[in-house]
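Examining the three-dimensional arrangement
Residue strings, one per chain:
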Amino acid sequence: MATMESLIGLVNRIQTACTLLGDHGGGAGSALPTLWEQLPSVAVVGGQSSGKSSVLESIVGRDFLPRGSGIVTRRPLVLQLHKSEQGMEDYAEFLHLEKKRFTDFSAVRKEIQVETDRVTGRSNRISNVPIHLSIYSPNVVDLTLIDLPGLTNVAVEGQPETIVQDIDNMVRCYVEKPNCIILAITPANQDVATSDAVKIAREVDPTGERTFGVLTKLDLMDRGTNALDVLEGRSYRFKYPWVGIVNRSQADINTNMDMIAARRRERDFFSASPDYGHLASKMGSEYLAKLLSKHLESVIRARIPGISSMINQSINELESELDRFGRPVSLDAGAQLYTILELCRAFDQIFKEHLDGGRAGGDRIYAVFNQLPVALRRLPFDRHLSLQNVRKVVSLADGYQPHLIAPEQGYRRLIESSLNYFRGPAEDSVDEVHFLLKETARRSIGETQELRRFPTLQAELAAAANEALERFREDSKKTILRLVDMESSYLTVDFFRRLPQEVERGEGTSSATSDDRYSEAYFRRIGSNVSSYVGMVSETLRNSIPKAVVHCQVREAKRSLLDHFYTQLGRKEGRQLAQLLDENPELMERRQQCAKRLQLCKAARDEIDSVSWSR
Ligand code: GDP
Ligand code: MG
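Being a predicted model, the structure only gives us computed values, none of them experimental.

Right, let's talk about the overall build of the protein chain for a bit. What the protein chain contains, in helices and strands, is 21 helices and eight strands. Residues counted as buried form 48% of the 615 residues belonging to the protein chain. Sequence-distant contacts in the protein chain: of pairs separated by 6 or more residues, those separated by 24 or more amount to 80%.

Below is the structure:
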């Protein structure tokens, strides 16, 4: 069964965790949802010296807050009360002084002053950075209280003109939150109608359902007057009745009147008072403390489902974000090497998918081969085997003596020089495929999710892939040029044997000039014979070039793109491996943040789960 203490204690623990994570609410700079805003707390609001700090102290039952005249409270104080087991000694802890236990509460007060001055300087300035203080005692109930600077209407010596507005803003920042319970402190020796506390409370909580009116200094009222109009709700009504309080006066403080004596005196004041006697059971600091924790309990109870679902949602979001980041890198060299190899494999896998299908890439290589016949057809054989050129080449090859049967040398020269033209398109195929492979490697690196957080490894992989592809290109070029050379170094004799053999003298044709050894038709035939031989070779190369390119570049890229890299990797030392896994620092930071927050959320979820909400 959920007890009041366990409920409020839960909230306290979640709040502490939030604070440790730098989550003070207000969402300053944090893109993550804040738990803080989900949790209820109690803030004291009132004019300067209205008795705010005194009320807080008497709820706690210990003296520890700086009190007095003037602007004493200059930073918000977030005070968490933790009920400890009977017989335990009271102690306090500050968040900014972790692990230091204060058992001397006057030292707590000094520390609050020192810590306030540390941020604001020894001035009258204020700061909205809260001080976090926890108090452990068997004599308190679990509560989170916030002491705030007093509302004021004028700036005093050393304060900027904006102070009135600054304090107003700071106070509103706390009390505006729908889960903030407001203790509106008004001194009884002041007219409620002029109370700043009531004014602000009415504005932020018009229905009065989260405001408790607290009337202090009942002992200081003029003789013959009483505060019954306020206490009985006739002056101004919140949803809950006003609670009257008698704190220690400055004189009591000066003479070190202790809390127990002060409480006893307060009780006596009410029970002995002819005015307030009938209300005695609903007056005083102790009653106020009980009222508050009871109220908090119901508020928390109502909010638990919301908090719970928010926590679960945060856990889901954080976990999927962490998944995207991947786990942090191990410090062990063996594990690092393993990680690098895994990453390389992931990349290699994607690279292969691009080539083999499944991802785009392979089809573009096919398109290169598809274009090859077109490129081959475009070669300028018409010009090269024109009548004029054939005649020139054949005549040059014959030299001083015209050939007898067939222009053997002429044919060879014409064929060799024609075949040279194939080098261009063949080399282009190699280069285009090289370009596509490089592009595919680059894309694959980008598409390897796991690699995303390792910019150094990405760059190294890209360099290694490019280097390997460059080697494959060299090899591929050599091979295809060799294919072309092979075609010209040994001609297919049969092809010519099948051609009709005839020798024709250059006689009787009208166009023949004196140095024409053969007729035009004769040269034309030679040209067309060479042309059909070249056509046959072109047919062969059209098929063998893609084979060579695939064999030397594509197949090699699939088989051994990273082989060289792996060899180099094997020689690297731990430090060099760590460098490869150098993560983007922003990402590391973000991951750490997420992990911490996830831890908090899970702890909070476990806390909530551990309490049964049925009653
Ligand atoms: P704060 O500025 O609102 O935090 O007010 P403090 O708690 O510092 O109190 C201001 C002064 O009023 C101190 O000297 C207190 O002793 C005094 N004071 C506060 N409450 C009472 C009260 O109920 N009766 C008497 N007599 N004095 C009080
Ligand atoms: Mg104060």
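Turning our attention to the sheet that holds strand 6 (residues 180-187). Pairing is mixed in the open sheet, where eight strands are placed in the order 3-4-2-5-1-6-7-8. Each edge of the sheet is formed by a strand with only one pairing partner; in this case those strands are strand 3 (91-94) and strand 8 (243-244). Here seven bridges tie strand 2 (residues 77-83) to strand 4 (residues 131-137), and the two strands are oriented parallel to one another. Bridge pairing in strand 4 places L81 opposite I135. Contacts from helix 5 (residues 196-204) reach strand 1 (41-46), strand 6 and strand 7 (211-216), with the element oriented near 155° to strand 6.

The next point concerns the packing of helix 10 (residues 333-356) against helix 19 (residues 563-570). Relative to each other, helix 10 and helix 19 sit at 175°, their axes nearing to 12 Å. One finds that helix 10 runs roughly antiparallel with respect to helix 19. Along the contact surface, helix 10 presents L337, I340, L341, C344 and R345, while helix 19 presents F565, Y566 and L569.

Taken together, 18 residues lie near ligand 1, and K52, S54, N247, R248 and Q250 sit nearest. S50 places a polar main-chain atom, nitrogen or oxygen, 3.2 Å from an oxygen atom of ligand 1. Taking R248, its main chain carries an N or O atom lying 2.8 Å from an oxygen atom of ligand 1. Burial of ligand 1 by the protein chains amounts to 95% of its free accessible area of 570 Å². The element best represented in the shell around ligand 1 is helix 2 (residues 52-60), accounting for three residues. The residue inventory of the shell around ligand 1, partitioned by class, reads three nonpolar, 10 polar and five charged.

Inspection of the entire model under this criterion finds 32 salt bridges. One salt bridge in this structure joins R234 and E232, with 2.9 Å as the shortest N-O distance. By relative accessible area, R234 is classed as exposed at 52%. According to the relative accessible area criterion, E232 is partly exposed, its value standing at 31%. Here the salt bridges share partners, and the residues they tie into one network are D168, R172, K199 and E203.

A separate point is the packing of aromatic side chains. Per the counting criterion, the structure on display carries 18 aromatic pairs. Aromatic ring contacts, followed pair by pair, group Y411, F495, F496 and Y533 into a single cluster. A cation over a ring is seen here: R101 above Y91, with NZ or CZ 3.9 Å from the ring centre.

Here we come to the side chain of T152. If you trace the backbone, T152 turns up in the loop between strand 5 (143-147) and helix 4 (163-175). Owing to a relative accessible area of 13%, T152 belongs among the buried residues under this scheme. Of note is the side chain of T152, whose polar atom sits 3.1 Å from the backbone oxygen of V154. Every residue in contact with T152, bar those within four places of it in the chain, is listed here: Q48, V164 and I167.

A separate point is the packing of helix 9 (residues 285-325) against helix 21 (residues 585-610). Contact pair helix 9 / helix 21: the axes reach a minimum separation of 9 Å and the direction vectors enclose 150°. In the packing of helix 9 onto helix 21, the handedness of the crossing is left-handed. Residues I304, I307, S308, I311, N312, S314, I315, L318, E319, E321, L322 and F325 of helix 9 pack against L587, R590, R591, C594, A595, R597, L598, C601, K602, A604, R605 and I608 of helix 21. Residue composition of the contact of helix 9 with helix 21, grouped by class: 14 nonpolar, three polar and seven charged.

For the protein chain, the mean per-residue pLDDT works out to 86, and 89% of the residues sit at or above 70. Confidence drops under a pLDDT of 50 for residues 24-33, and excluding neighbours within four residues, the segment shows 17 contacts in the predicted structure. Within the model, the stretch residues 506-514 combines pLDDT values under 50 with eight contacts to residues more than four positions away or in other chains.

Binding of the magnesium ion (ligand 2) to the protein goes through S53 (OG) and T73 (OG1), at separations of 2.2 to 2.4 Å. Here S53, found in helix 2, pairs with T73, found in the loop between helix 2 and strand 2; they are 20 residues apart in sequence, far enough to count as distant. The class for S53 is buried, based on a relative accessible area of 8%.

Once that is clear, we can look at the nonpolar core. Counting residues in hydrophobic clusters, the biggest one holds 67 residues, and the most contacted among them are F347, F422, L457, I526 and L561. Looking at this core element by element, the count peaks at 13 residues for helix 18 (residues 520-560). Dropping the residues within four chain positions of it, I526 is found in contact with V390, V394, P407, Y411 and L414. In this structure, V78, L151, L215 and L228 belong to the second largest nonpolar core, which totals 39 residues.

Helical geometry: 3.6 residues make up each α-helical turn, so side chains three or four residues apart lie on a common side. A bend of about 25° at Q371 is the largest found in helix 11 (residues 362-377), and the proline P373 appears one to four places after it. Against helix 10, helix 12 (381-384), helix 15 (423-447) and helix 18 lie the buried residues of helix 11.

Here we come to the pairing of strand 1. Judged by how many residues are buried, strand 1 sits mostly within the fold: six of six residues are covered. Of the two faces of strand 1, both are covered, the one formed by S41, A43 and V45 as well as the one formed by V42, V44 and G46. Sheet topology places strand 1 next to strand 5; three bridges connect them, and they run parallel. Across the sheet, the residue bridging to A43 is I146, located in strand 5.

Turning to the environment of R248, a few remarks are in order. Here R248 lies in the loop between strand 8 and helix 7 (250-254). Judged by its relative accessible area of 11%, R248 falls in the buried class. Ignoring sequence-local partners within four residues, the contact set of R248 consists of E57, D63, R67, I253, M257, D258, M259, A262 and R265. A polar contact is formed between the side chain of R248 and the backbone oxygen of M257, at a distance of 2.7 Å.

Conventions adopted
- Residues numbered from 1 in each chain as written.
- Chains lettered and ligands numbered in written order.
- Predicted model: local features only at pLDDT ≥ 70, side-chain atom pairs only at ≥ 80, totals over all residues.
- Heavy atoms only, no water.
- Helix = DSSP H or I, 4+ residues; strand = E, 2+ residues; numbered from the N terminus.
- Buried < 20%, exposed > 50% of the residue type's maximum accessible area, 1.4 Å probe, protein only.
- Contact = heavy atoms within 4.5 Å.
- Pairing = 2+ DSSP bridges.
- Axes fitted to C-alpha atoms, helices over the stretch in contact; angles between N-to-C directions.
- Parallel < 35°, antiparallel > 145°, perpendicular 65-115°, else oblique.
- Near = heavy atom within 4 Å.
- Polar contact = N/O pair within 3.5 Å; in protein donor to acceptor, adjacent residues only side chain to side chain.
- Areas by Shrake-Rupley, 256 points an atom, 1.4 Å probe, with all protein chains shown as cover.
- Nonpolar A, V, L, I, M, F, W, Y, C, P; charged D, E, K, R; others polar.
- Salt bridge = Lys/Arg side-chain N within 4 Å of Asp/Glu carboxyl O.
- Phe/Tyr/Trp six-rings, centres within 6.5 Å; stacked < 30°, edge-to-face > 60°.
- Lys NZ or Arg CZ within 6 Å of the ring centre and 35° of its normal.
- Left-handed = near helix turned anticlockwise from the far one by under 90°.
- pLDDT = per-residue confidence, 0-100.
- Donors = N, O, S within 2.8 Å, 3.2 Å for Na, K, Ca; no water.
- Core = buried A, V, L, I, M, F, W, Y, C linked by side-chain atoms within 4.5 Å.
- Bend = angle between axes of the 7 residues up to and from the residue.

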